[in-house]
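One letter stands for each residue in the lines below.
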Amino acid sequence: MGLAIRVMELSDIPGVVELQAIVWQDHFLKERNMQVPIMKRTRRNMEYYLAKDPGGCFVAMDGNRMVGTIVSHTWGSVGWFGPLEVNPVIQGTGIGKALVTESIKYLRSRGCTTVGCETMASSARNIAFYNKLGFKAMSLSHVLYKRLGDVAPEEVESKRARRFQPGDNLDEYKALWNNILPGLDYSVEIASTIERELGHIWVMDEGHAHAIVHTYEMFEESQNAIMKLLVAEKGHEAVASELLDRCEIVASMEGKTGMFIRTYDVNPPVLKWFFERGYELQGTSIRLILDGPDETDAAFHVSCWSG
Ligand SMILES: CC(C)(COP(=O)(O)OP(=O)(O)OC[C@H]1O[C@@H](n2cnc3c(N)ncnc32)[C@H](O)[C@@H]1OP(=O)(O)O)[C@@H](O)C(=O)NCCC(=O)NCCS
């Protein structure tokens with residue numbers, strides 16, 4: 001049978017999550033000799049990705065058999081992809097390359113001028129794969145985790161943080177995103193979080209600080225929340241810290257027992273800031289960019305670009 005790449009449909013989701021789970025179990029066994037539990041993404045996670053970039057999620061089909069999958073993300077001028085998986089039995093036969101090529105085509109058609117992805121820094125195999133496709137290694141990004149404790153009722157009230165209201169003006173946030181990387185635009189994440197009830201958005205006037213925490217179930221039976229975004233003007237670490245407190249508290253109140261954060265070495269805050277807040281390093285990835293500028297250190301910026 002010949003290989004065909006087509007846009008992912010809602011009806012593909014069960015097959016996609018099955019394939020993803022198999023691929024990652026195989027990956028950890030091969031690369032680290034580790035037997036990890038099956039981790040399945042939820043339908044809700046995949047529906048959110050599909051709704052955000054409906055023309056940018058693809059499946060590779062060998063006849064009726066799904067053999068690969070990729071998800072693309074666009075945030076204005078920034079185009080990213082991941083997760084990306086190919087059936088272990090037929091890895092190394094060009095399917096990964098075909099999926100990435102399709103994603104790049106989509107990202108360019110959406111006007112993205114910075115195209116990239118992240119992969120595990122420990123995976124020489126993946127880095128070689130992306131290098132062959134023209135991607136260049138940039139800096140490291142880190143996955144951090146904190147176990148969340150119970151929240152005492154008196155901690156619930158925040159002094160200065162307030163909930164973002166639909167219709168609130170985004171102009172000041174957009175100016176801040178634009179300083180990080182011209183054209184970077186997270187509006188879609190704000191809209192998705194509200195429309196799909198993925199979590200909470202907290203803002204503070206000082207330093208135009210804003211935060212998105214996702215508390216929906218991203219993986220089946222996972223009790224962890226994810227900091228999707230935390231941005232503030234440079235020099236406003238204290239404000240950002242207060243927003244992170246707020247996000248940890250709402251996550252805890254929803255029964256989440258842990259918080260995941262992904263941070264990038266180029267911009268503040270440095271790792272020490274997280275360690276002092278009780279976060280531990282879970283893993284390190286490397287950012288790879290095909291073309292276009294990388295972000296600058298113009299703002300306090302914590303974001304999860306990797307799916
Ligand atoms: C990474 C992955 C998507 C690559 O897909 P794939 O179908 O196996 O890769 P391809 O066959 O398309 O390889 C494309 C090119 O990269 C090269 N390549 C692949 N692995 C390589 C390696 N270990 N070293 C050097 N080159 C490599 C291939 O030779 C090929 O080059 P060519 O076009 O000159 O022949 C796949 O292996 C996978 O699903 N891995 C597990 C999950 C994962 O790591 N996903 C990515 C997370 S960021």
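So, how was this worked out
- Residues numbered from 1 in each chain as written.
- Predicted model: local features only at pLDDT ≥ 70, side-chain atom pairs only at ≥ 80, totals over all residues.
- Heavy atoms only, no water.
- Helix = DSSP H or I, 4+ residues; strand = E, 2+ residues; numbered from the N terminus.
- Rg over C-alpha atoms; globule rule 2.2 N^0.38 Å.
- Buried < 20%, exposed > 50% of the residue type's maximum accessible area, 1.4 Å probe, protein only.
- Contact = heavy atoms within 4.5 Å.
- Areas by Shrake-Rupley, 256 points an atom, 1.4 Å probe, with all protein chains shown as cover.
- Lys, Arg positive; Asp, Glu negative; His and termini not counted.
- Charge placed at Lys NZ, Arg CZ, Asp CG, Glu CD.
- Near = heavy atom within 4 Å.
- Polar contact = N/O pair within 3.5 Å; in protein donor to acceptor, adjacent residues only side chain to side chain.
- Core = buried A, V, L, I, M, F, W, Y, C linked by side-chain atoms within 4.5 Å.
- Domains from an automatic or database assignment.
- Buried area = accessible area lost by both parts, 1.4 Å probe.
- Salt bridge = Lys/Arg side-chain N within 4 Å of Asp/Glu carboxyl O.
- Disulfide = S-S within 2.5 Å.
- Axes fitted to C-alpha atoms, helices over the stretch in contact; angles between N-to-C directions.
- Parallel < 35°, antiparallel > 145°, perpendicular 65-115°, else oblique.
- Left-handed = near helix turned anticlockwise from the far one by under 90°.
- Phe/Tyr/Trp six-rings, centres within 6.5 Å; stacked < 30°, edge-to-face > 60°.
- Lys NZ or Arg CZ within 6 Å of the ring centre and 35° of its normal.

A. Quick look at the overall build of the chain. Assigned secondary structure in the chain consists of 8 helices and 13 strands. Here the C-alpha atoms of the chain give a radius of gyration of 19 Å, agreeing with the 19 Å that 2.2 N^0.38 yields for 307 residues. Across its three principal directions, the C-alpha atoms of the chain cover 60 × 40 × 35 Å. Buried positions account for 53% of the 307 residues belonging to the chain. By sequence separation, contacts in the chain at least 24 residues apart represent 74% of the contacts at least 6 residues apart. As displayed, the chain has an accessible area near 13500 Å², and 53% of this comes from carbon and sulfur atoms. Taken together, the 32 basic and 40 acidic charged side chains of the chain have centroids lying 6 Å from each other.

B. Structural context of the site of the ligand. Inspection of the region around the ligand gives 21 residues, with Gly92, Gly94, Gly96, Lys97 and Asn126 positioned closest. Gly92 places a main-chain nitrogen or oxygen 2.8 Å from an oxygen atom of the ligand. For the ligand, an oxygen atom lies 3.1 Å from a polar atom in the side chain of Lys132. Calculation on the ligand without its partners gives an accessible area of 940 Å², and the protein chains cover 77% of this total. Mapped onto the shell around the ligand, the elements with two or more residues apiece are helix H1 (13–32), strand S4 (78–86), helix H3 (95–109), strand S5 (114–120) and helix H4 (124–132).

C. Local environment of the nonpolar core. Formed by 26 residues in total, the largest nonpolar core has its most connected members in Met227, Leu230, Leu243, Met259 and Ile261. Among the secondary structure elements, those contributing two or more residues to this core are strand S8 (199–204), strand S9 (209–214), strand S10 (224–233), helix H7 (237–253), strand S11 (258–264), helix H8 (271–276) and strand S13 (299–303). Of the residues forming this core, the biggest block, 7 residues, is contributed by H7. Ranked by size, the runner-up nonpolar core spans 23 residues in total, among them Ala60, Val86, Ile104 and Phe135.

D. The domain arrangement of the chain, seen in detail. Domain annotation of the chain identifies domain 1 (3–112) and domain 2 (144–303). Here domain 1 and domain 2 have C-alpha centroids that lie 25 Å from each other. Counting residues at the interface gives 19 residues for domain 1 and 23 residues for domain 2. Both faces considered, domain 1 and domain 2 share a buried interface measuring about 1800 Å² in area, 58% of it formed by carbon and sulfur atoms. Among the residues of domain 1 in contact with domain 2, Arg44, Tyr48 and Trp75 are the three that bury the most area, contributing 34% of the side total. In this structure, the connection of domain 1 to domain 2 is made through 2 salt bridges.

E. Up close: the state of the cysteines. One pass over the full model with this rule turns up 0 disulfides. Cys117 forms no disulfide, and the closest cysteine sulfur to it belongs to Cys112, at a distance of 14 Å.

F. Looking closely at the packing of H1 against helix H2 (residues 43–52). Closest axis-to-axis distance for the H1/H2 pair is 10 Å, and the angle between their directions is 110 degrees. As the angle between them shows, H1 and H2 are arranged roughly perpendicular. Between H1 and H2 the crossing geometry is right-handed. In contact with Ile13, Pro14, Val16, Val17 and Gln20 of H1, H2 contributes Arg43, Met46, Glu47 and Leu50.

G. Structural detail: the pattern of salt bridges. What the rule picks out here adds up to 23 salt bridges. The partner of Glu102 in a salt bridge is Lys105, with the nearest N and O atoms 3.5 Å apart. One end of the pair, Glu102, and the other, Lys105, are both in helix H3, 3 residues apart, so they sit about a helical turn from each other. Between Lys272 and Glu276 there is a salt bridge, with the nearest N and O atoms lying 3.0 Å from each other. Taken together, the positions of Lys272 and Glu276, both in helix H8 and 4 residues apart, correspond to about one turn of that helix. In terms of burial, Lys272 and Glu276 fall into one category: exposed.

H. Looking closely at the packing of aromatic side chains. Applying the stated rule across the entire model yields 15 aromatic pairs. Summarising the aromatic geometry, the rings of Phe81 and Tyr130 are spaced 6.0 Å apart at their centres and angled 45 degrees between planes, so their arrangement reads as tilted. Taken together, the residues Phe81 in strand S4 and Tyr130 in helix H4 connect sequence positions 49 residues apart. Both residues of the pair, Phe81 and Tyr130, count as buried. Grouped by ring-pair contacts, the aromatic residues Trp75, Trp80, Trp177, Tyr186 and Trp305 constitute a single cluster. Here the basic side chain of Arg277 rests over the ring of Trp273, its NZ or CZ set 5.5 Å away from the ring centre. Between Arg287 and the ring centre of Tyr264, over which it is positioned, the NZ or CZ distance is 3.5 Å.

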